[in-house]
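# Understanding the architecture of this molecule
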Amino acid sequence: KNGCPFQWVKSLKQEGRLIYGFPKIPNRTGTWIPTKPEDIKGIFVNNKDFVCAYTSKYSELAGTKLRFIPFESDGPEHVRYKFYLELILKRSTTSDFENEIREMARSMVSTIAAKNNCEFLKECANRFPVQVLLHLLGFSNEKFEEILGWQADIAASPNIFRMRRGARETHAYIEAEIAKDSKN
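Quick caveat, the model's predicted, so the values are computed rather than measured.

Calculation criteria
- Residues numbered from 1 in each chain as written.
- Predicted model: local features only at pLDDT ≥ 70, side-chain atom pairs only at ≥ 80, totals over all residues.
- Heavy atoms only, no water.
- Salt bridge = Lys/Arg side-chain N within 4 Å of Asp/Glu carboxyl O.
- Helix = DSSP H or I, 4+ residues; strand = E, 2+ residues; numbered from the N terminus.
- Buried < 20%, exposed > 50% of the residue type's maximum accessible area, 1.4 Å probe, protein only.
- Core = buried A, V, L, I, M, F, W, Y, C linked by side-chain atoms within 4.5 Å.
- Contact = heavy atoms within 4.5 Å.

### Observations concerning the pattern of salt bridges
Within this structure, the stated rule accounts for eight salt bridges. In this structure, Asp39 engages Arg17 in a salt bridge whose closest nitrogen and oxygen atoms are separated by 2.7 Å. Of this pair, Asp39 sits in helix α2 (residues 37–45) while Arg17 sits in the loop between α1 (7–12) and β1 (18–21), and the two are 22 residues apart along the sequence. Of the residues examined, Arg17 reaches a relative accessible area of 45% and is grouped as partly exposed. In this structure, a network of salt bridges that share partners links the residues Arg17, Glu38 and Asp39.

Okay, here's the thing in structure tokens:
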């Protein structure tokens with residue numbers, strides 16, 4: 001209580017080498033949590049017994065066989081994907097958007113300042129990353145509110161059908177935007 005704010009993390013080590021974390025959201029699976037540094041390192045380097053592919057469950061929800069790269073990639077494949085993503089997102093590329101992204105942030109802050117309060121998660125933390133990502137990808141902002149709803153369904157809905165709908169709508173939107181861009 002009055003001690004270290006991370007005391008609960010330290011206490012995990014006394015639970016054993018592995019503890020099971022139960023999900024707080026229905027229809028989600030729990031996860032095993034290693035507590036010892038040597039076990040964590042062993043898991044990260046053992047790509048035979050511990051794999052990342054399809055661990056997010058997004059592809060299952062969306063009805064696809066897509067993976068989030070580089071996060072759902074193991075070993076050398078992860079390094080390769082990360083290398084290419086770093087080339088795409090290198091400083092010179094992202095700095096081209098810096099002023100536009102700053103303006104998005106200023107606009108958001110101005111809106112909040114005018115109200116003199118906000119619910120941070122709903123008005124900033126959920127909105128801003130989606131807004132920036134759409135901009136960086138060159139996607140339209142036309143369906144922004146719908147996209148936020150899909151994101152909320154995927155991330156926090158206790159209803160598996162809403163989660164699935166959110167994932168499938170998101171996937172369809174991304175495919176449509178890519179197809180539109182391919183024609184141009």
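### Side note on the nonpolar core
If you look at soluble globular proteins, the nonpolar side chains tend to sit buried side by side. Grouped together as the largest cluster of nonpolar side chains are eight residues: Val130, Leu134, Phe139, Phe144, Ile147, Leu148, Trp150 and Tyr173. Secondary-structure elements contributing two or more residues to this core are α8 (127–137) and α9 (144–156). Of all the elements, α9 adds the most residues to this core, at four residues. Leaving out residues up to four positions away in the same chain, Trp150 has contacts with Lys143, Gly166, Glu169, Thr170 and Tyr173. If you look at the next biggest cluster of nonpolar residues, it comprises five residues, including Tyr58, Leu61, Met163 and Ala167.

### Some words on α8
All of the buried residues in α8 are Val130, Gln131, Val132 and Leu134. In this fold, the buried residues of α8 make contact with α6 (98–115), α9 and α10 (160–183). One or two steps after α8, the chain reaches Gly138, where phi turns positive at roughly 75°.

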